[in-house]
Amino acid sequence: MTYQGLIQRYRQYLDLPAHTQTVSLLEGNTPLIPMPRLSRDFDCELFIKYEGLNPTGSFKDRGMTAAISEAVGRGAKTVICASTGNTAASAAAYAARAGLRSIVLIPEGKVAVGKLAGAIAYGAEVIQIQGSFDDALTLVVEITQKTPIALVNSINPYRIEGQKTSSFEICDVLGSSPDWLCLPVGNAGNITSYWAGFKQYNKGLPQVLGVQAEGAAPLVLGHPVDKPETIATAIRIGKPARGEQALDAAQESNGKIIAVSDAQILDAQHILASEGVWVEPASAAGLAGLIAETSQGTLDAKGKRIVVVCTGHGMKDPSIITESFKAPEVIPANYQALIDLVGN
């Protein structure tokens, strides 16, 4: 049978209401890519779970197919979310697929252009607010409590149901859970869902390394960050909606949540690209954390099987690359000029 999306594939494991009407863009089924050079560097078996190959370019599609499917089933006509970018594009795409109206609140000037373009292309009504993501989330929660508009942020429980399927896919490919799972942490829905998925699938439990950016690390600092700042826009969140669950996942797994600098994140982005995997900055945080922990001797990777989750494609935030790009030399359009430049 041809692939029909993650709800169809894993329906027996998903706690979705009977009224759910599947809305799918054939999300999920993303590759688990072996990384041979990184594996040699760490003396381990290392894989990238490349969620950037979901339909809208990020892992958010896993949760959104579930949230929109449930909303359609109960008769919702409009959906709304607060977003730093990826949720906006995903919500807009799945709402468009279902014929629903979508409204997106974003913090003013804080969303990467590639993500904003996606939300606009799919037909969302985009509203910028003066304030942070956390302010935007407070507003959408309030409006959905007072109107029939459906909330599709990660505090929606069906988002977690969809997102946990990535754990199932990892186990299906490897035959069991990895020894370590490394991933970025922003609003903390993803780390929560992965841990729930591994526990439910009963094929072993990894230790979990959650990674925040230093300028947006409330779970590391132990308190909210009023004005989070990081080049990794997808995890620029100062008050994670599922922060307590993320901390529980790290503790239960005998793992940890750490913070890394923007410089470390960009270095990790470059390393991934050097092996052919281009991700947005936030997606490189998991690898940045693994590098930091192994270099400090606080994580022993030797002989282990490690999965690093890369949550979004590099096209989500191309300006990170293009703004530092030096225009190439212009040469005459002839063979001799080319051979003089590149050599034999």
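Check the entry above for the structure.
A. Layout of the side chain of Asn156. Relative to the helices and strands, Asn156 is located in the loop between strand 6 (150-151) and helix 7 (157-163). Judged by its relative accessible area of 7%, Asn156 is buried. Within the local environment of Asn156, its side chain forms a polar contact with the backbone nitrogen of Tyr158, the two atoms lying 2.8 Å apart.

B. Focus on the environment of Pro107. With respect to the helices, strands and loops of the structure, Pro107 is situated in strand 4 (residues 101-107). Overall, Pro107 belongs to the buried group, its relative accessible area being 3%. Setting aside residues no more than four positions away along its own chain, Pro107 makes contact with Ser83, Gln128, Ile129, Gly131, Ser132 and Phe133.

C. Highlighting unusual backbone geometry. Although it is not a glycine, Asp43 adopts a positive phi angle of roughly 55 degrees. Accessibility expressed as a relative area gives 43% for Asp43, which makes it partly exposed. Not every positive phi belongs to a glycine, and Asn202 is a case in point at roughly 60 degrees. In this structure Asn202 comes out as exposed when scored by relative accessible area, which is 68%.

D. Looking closely at the packing of helix 4 (residues 86-98) against helix 5 (residues 113-121). With their axes 8 Å apart at the nearest point, helix 4 and helix 5 run at an angle of 20 degrees to one another. Considered as vectors, helix 4 and helix 5 are oriented roughly parallel to each other. Crossing angle aside, the handedness with which helix 4 passes helix 5 is left-handed. Together, Asn86, Ala88, Ala89 and Ala92 of helix 4 and Lys115, Gly118 and Ala119 of helix 5 make up the contact between the two elements. Here the contact of helix 4 with helix 5 is built from residues that sort into 4 nonpolar, 2 polar and 1 charged.

E. Seen up close, the pairing of strand 7 (residues 180-184). A large share of strand 7 lies buried, amounting to 5 of its 5 residues. Burial along strand 7 is two-sided: Trp180, Cys182 and Pro184 and Leu181 and Leu183, pointing in opposite directions, are all buried. By the bridge criterion, 5 bridges tie strand 7 to strand 8 (residues 207-213) in an arrangement that is parallel. Paired with Cys182 across the strands is Leu209, a residue of strand 8. Where strand 7 meets strand 10 (residues 305-310), 3 bridges bridge the pair, whose relative direction is parallel. In the strand pairing of strand 10, Trp180 is matched with Ile306.

F. The arrangement of empty space enclosed by the protein in detail. Per the stated rule, a full pass over the model turns up 1 cavity of 30 Å³ or more. In this model, the largest cavity occupies a volume close to 270 Å³. What lines the largest cavity is a set of 26 residues, among which Phe59, Lys60, Gly186, Asn187 and Ala234 lie closest to the centre. For the lining of the largest cavity, the elements supplying multiple residues, two or more each, are helix 4, helix 7 and helix 9 (189-201). No other element matches helix 9, which puts 3 residues into the lining of the largest cavity. Grouping the constituent residues of the lining of the largest cavity by class yields 11 nonpolar, 13 polar and 2 charged.

G. Focus on helix 4. Taking 1.5 Å of rise per residue, the 13 residues of helix 4 would be expected to cover 18 Å, and the 19 Å separating its terminal C-alpha atoms lies within 8% of that figure. Burial of helix 4 is extensive: 10 of the 13 residues sit out of reach of the surface. Buried within helix 4 are the following residues: Asn86, Thr87, Ala88, Ala89, Ser90, Ala91, Ala92, Ala93, Tyr94 and Ala95. Check the buried side of helix 4 and you find it contacts helix 3 (60-73), strand 3 (78-82), strand 4, helix 5 and helix 7. Remark: Gly99 follows helix 4 within two positions and exhibits a positive phi of approximately 80 degrees.

Here is what the cut-offs are and how they apply
- Residues numbered from 1 in each chain as written.
- Predicted model: local features only at pLDDT ≥ 70, side-chain atom pairs only at ≥ 80, totals over all residues.
- Heavy atoms only, no water.
- Helix = DSSP H or I, 4+ residues; strand = E, 2+ residues; numbered from the N terminus.
- Buried < 20%, exposed > 50% of the residue type's maximum accessible area, 1.4 Å probe, protein only.
- Polar contact = N/O pair within 3.5 Å; in protein donor to acceptor, adjacent residues only side chain to side chain.
- Contact = heavy atoms within 4.5 Å.
- Axes fitted to C-alpha atoms, helices over the stretch in contact; angles between N-to-C directions.
- Parallel < 35°, antiparallel > 145°, perpendicular 65-115°, else oblique.
- Left-handed = near helix turned anticlockwise from the far one by under 90°.
- Nonpolar A, V, L, I, M, F, W, Y, C, P; charged D, E, K, R; others polar.
- Pairing = 2+ DSSP bridges.
- 1 Å grid on protein atoms, 1.4 Å probe; cavity = no way out; pocket = protein on both sides within 12 Å on 5 of 7 lines; lining within 4 Å.
- Points joined across faces, edges and corners; volume = space filled by probe spheres on them.
- Expected span 1.5 Å × (residues − 1).

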